[in-house]
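Below, each chain spelled out in residue letters.
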Amino acid sequence: MPAKSVCVFAGTREGVERAFLDEARRLGDLLARGDIRLVYGGGGSGLMGAVSNAAVAAGGHVTGVLAPGFEMAVTTNPGVIVEYQPNVALRKHYMGELSDAYVALPGGYGTVDEIFHVMISRLAREHAKPLILLEVNDFWHDFECLCRHFVAAGFADSDIFASITKVSSADAVLEALARGPN
C-alpha cells in the first residue's frame, strides 16, 4: 500500500551545497502534490523549514512535532500544525505513529539519531515501514560506510541496513513510496 503520510528527517541548517535546499523544496512540493501528509520535526529553518514551507505552499498537510528544548526552532508558518511531546524519545515515537514511511534528507546529529532510531525499532520488530535516504551529492556515503563497518566488525547484521532504500532525487522518493514497503 502506498504511503499516505511520511515522516521526513532533515537538518535545521541549509548545509553548504545548494542542491540540499533544492531537493528539500522539491520533496515538500511533490509530497503535497501527491496528497501525502508531511510529518517532520517542526523546525522553521534549514532543510526542515524548506521541506515544510514548500509542502504548505503547494497546499499540503503538514504536521510538525516538537519536544522541550526546541522551542527556538519552531516554525512560524501558519500552515503547519504543531504538536508537542514531553521529550525527544516520545517525539520520535509519535512521529512514527503518524507516518507510513520515513525519508531522510541531509542533516546532522539529530537526523542521524532519528535514522538509527528507525533502524533499531525495525530490528526490534516494532515496525516494517520503509526508510528512504535521499542521496544528494553523495551526502550519505560516509554514513553507509559506517554501517558497513559495523557489519564487517561483527557488531551488526547487514539485513537492517540492506532494508534501507537509497535514492538520488525527490522524484525517486515518490516512486519508492508508491511501491510501498520494501
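How each quantity is defined
Residues numbered from 1 in each chain as written. Predicted model: local features only at pLDDT ≥ 70, side-chain atom pairs only at ≥ 80, totals over all residues. Heavy atoms only, no water. Buried < 20%, exposed > 50% of the residue type's maximum accessible area, 1.4 Å probe, protein only. Helix = DSSP H or I, 4+ residues; strand = E, 2+ residues; numbered from the N terminus. Contact = heavy atoms within 4.5 Å. Pairing = 2+ DSSP bridges. Axes fitted to C-alpha atoms, helices over the stretch in contact; angles between N-to-C directions.

Caption draft 1: Layout of helix α7 (residues 170-179). Within the sequence span of α7, burial applies to Ala170, Ala172, Val173, Leu174, Ala176 and Leu177. Tucked into the core, α7 has its buried residues touching β1 (5-9), α1 (18-33), β5 (101-104), β6 (131-134) and β7 (165-167). Two residues or fewer after α7 comes Gly180, characterised by a positive phi angle close to 85°.

Caption draft 2: Spatial organisation of the sheet that holds strand β3 (residues 62-66). One open sheet holds the seven strands; their spatial order is β4-β3-β2-β1-β5-β6-β7, and the pairing between them is parallel. Edge positions in the open sheet fall to β4 (80-84) and β7, since each of these has one partner strand only. This sheet shows a mean twist of 25° between the axes of neighbouring strands, independent of strand direction. Examined bridge by bridge, β6 and β7 share three bridges and lie parallel to one another. If you follow Leu134 over to β7, its bridge partner there is Val167.

Caption draft 3: Summary view of unusual backbone geometry. The phi dihedral of Asp35 is positive, around 55°, even though this residue is not glycine. Structurally, the position occupied by Asp35 is in the loop between α1 and β2 (37-40). Exposure remark for Asp35: the relative accessible area of 54% places this residue in the exposed category. Its identity as a non-glycine residue notwithstanding, Asn137 has a phi of 50°, on the positive side.

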